[in-house]
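This is what each chain is made of:
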Amino acid sequence: RIFAKAVNCAEGPTVTPCLKCQGCQEITQGRSLDVLEIDGASNRGIDQIRSLRELAKFAPVSGTFKVYIIDEVHQITSEGFNALLKTLEEPPPHVMFILATTAAHKVPATIVSRCQRYDFKRLPMEVIVSKIKSIAADEKLKVAEEAALGIAKAAGGSLRDAESILDQVAAFSDGKIRAEDLRALLGTMDEEIFAEVVSAIGAKEPVRLLRLVADAVNAGTDLGQWTLGFL
């Protein structure tokens with residue numbers, strides 16, 4: 001959507017869309033007739049792609065470009081991709097396609113070769129922690145440092161997931177988000193236990209190690225999460 005604003009802004013194409021003109025406002029509010037967001041999982045067949053191709057021929061309603069954002073594009077069928085290929089080979093000058101996917105290796109080489117590819121990398125933990133603290137301050141929430149780190153770690157580099165976890169844990173907190181609240185939500189455990197596990201392995205004390213595992217089982221801990229935490 002940011003890219004769509006950049007090319008359809010009244011001051012554009014520009015790297016800094018104004019966010020105030022009609023084009024920017026409509027895209028922000030999700031009501032722009034020139035920006036179409038399509039779910040590749042539910043519009044994956046040849047008939048849907050043919051329909052998309054027919055619509056692409058028409059000029060934009062108010063902007064400079066008609067922008068098609070196809071999410072999870074890898075789920076389109078082989079026949080659907082073949083139908084899309086012709087349009088990608090000779091796209092109308094007023095059309096742009098943004099193909100988003102979490103499985104780029106599943107997109108046919110014939111499609112990839114006609115695109116500019118950009119790989120989005122995971123955000124560093126310190127960036128996510130900083131953003132979580134900023135959101136918490138805006139929402140009048142108090143987040144413990146350990147809890148903020150825990151949310152960032154659980155998010156795995158995704159800011160969207162971090163915000164979702166923060167929202168969930170805030171729902172049952174009393175305005176103060178503690179590390180134990182996060183552990184209760186995610187089913188994780190105090191990481192000090194893993195220091196004991198490493199110590200038991202280093203000391204070659206299998207009985208002590210098995211007792212630590214047994215404690216986790218008795219506490220209702222998900223052993224899959226326990227193993228991930230340990231790793």
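Scroll up for the structure.
All values derive from a computational prediction rather than experimental measurement.

A.B. asks: I keep staring at unusual backbone geometry and nothing clicks. Help me out?
C.D. replies: Both trends apply: most residues other than glycine have a negative phi, and most peptide bonds are in trans. Despite not being glycine, Glu72 shows a phi value in the positive range, around 50°. Tracing the backbone shows Glu72 in the loop between strand 2 (66-71) and helix 4 (78-89). In this structure, Lys140 takes a positive phi of about 60° despite not being glycine. For Lys140, a relative accessible area of 70% translates into the label exposed.

A.B. asks: How do you make sense of the sheet that holds strand 2 when you look at a structure like this?
C.D. replies: Think of a sheet as strands paired side by side through backbone hydrogen bonds, with each pair either parallel or antiparallel. Strands sit in the order 1-2-3 across an open sheet of three strands; the sheet is parallel. Edge strands, defined here as strands with exactly one partner in the open sheet, are strand 1 (35-39) and strand 3 (95-99). Here the strands of the sheet are splayed against their neighbours by 15° on average, with no regard to which way each runs. Inspection of the sheet shows strand 1 paired to strand 2 by five bridges, in the parallel sense. Following the sheet pairing, Ile38 is matched in strand 2 by Ile70.

A.B. asks: Is there a simple way to think about the packing of helix 6 (residues 125-138) against helix 8 (residues 159-171) in this case?
C.D. replies: In a pair of packed helices, the angle between the axes and the distance between the axes together describe the arrangement. It is the contact of helix 6 with helix 8, at a shortest axis distance of 10 Å, that shows an interaxial angle of 40°. Accordingly, the angle class assigned to the pair helix 6 and helix 8 is oblique. In this structure, helix 6 meets helix 8 at a crossing whose hand is right-handed. Across the interface between the two elements, Ile128, Lys131, Ile132 and Ile135 from helix 6 touch Leu159, Ala162, Glu163 and Leu166 from helix 8. Considered class by class, the residues forming the contact of helix 6 with helix 8 number six nonpolar, no polar and two charged.

A.B. asks: What exactly am I supposed to notice about the side chain of His94 here?
C.D. replies: Mapped onto the elements of the fold, His94 is located in the loop between helix 4 and strand 3. Within the structure, the side chain of His94 is placed 3.0 Å from the backbone oxygen of Ala56, a separation counted as a polar contact. Apart from the residues within four sequence positions on either side, His94 is in contact with Ala56, Lys57, Phe58, Ala59, Pro60, Thr64, Phe65 and Lys66.

A.B. asks: Looking at this structure, I do not really get the pairing of strand 3. What am I missing?
C.D. replies: As a general feature of sheets, a regular strand has side chains that alternate between the two faces. The pairing of strand 2 with strand 3 spans five bridges and is classified as parallel. What sits directly across from Ile70, in strand 3, is Leu99. The β-α-β motif built from strand 2, the intervening helix 4 and the parallel element strand 3 has right-handed crossover chirality.

A.B. asks: Would you take a moment to explain a nonpolar patch on the surface for this structure?
C.D. replies: The grouping of Val198, Ile201, Leu228, Phe230 and Leu231 at the surface amounts to a nonpolar patch, some 530 Å² of accessible area in total. When contributions to the nonpolar patch are tallied by element, the ones reaching two or more residues are helix 10 (192-202) and helix 12 (223-230). For Phe230, the position within the fold is in helix 12.

Procedures and definitions
- Residues numbered from 1 in each chain as written.
- Predicted model: local features only at pLDDT ≥ 70, side-chain atom pairs only at ≥ 80, totals over all residues.
- Heavy atoms only, no water.
- Helix = DSSP H or I, 4+ residues; strand = E, 2+ residues; numbered from the N terminus.
- Buried < 20%, exposed > 50% of the residue type's maximum accessible area, 1.4 Å probe, protein only.
- Pairing = 2+ DSSP bridges.
- Axes fitted to C-alpha atoms, helices over the stretch in contact; angles between N-to-C directions.
- Parallel < 35°, antiparallel > 145°, perpendicular 65-115°, else oblique.
- Left-handed = near helix turned anticlockwise from the far one by under 90°.
- Contact = heavy atoms within 4.5 Å.
- Nonpolar A, V, L, I, M, F, W, Y, C, P; charged D, E, K, R; others polar.
- Polar contact = N/O pair within 3.5 Å; in protein donor to acceptor, adjacent residues only side chain to side chain.
- Right-handed = clockwise from strand over helix to strand, strands pointing away.
- Patch = residues over 30% accessible without salt bridge, like charges linked within 9 Å, V, L, I, M, F, W, Y side chains within 5 Å.
- Areas by Shrake-Rupley, 256 points an atom, 1.4 Å probe, with all protein chains shown as cover.
- Salt bridge = Lys/Arg side-chain N within 4 Å of Asp/Glu carboxyl O.

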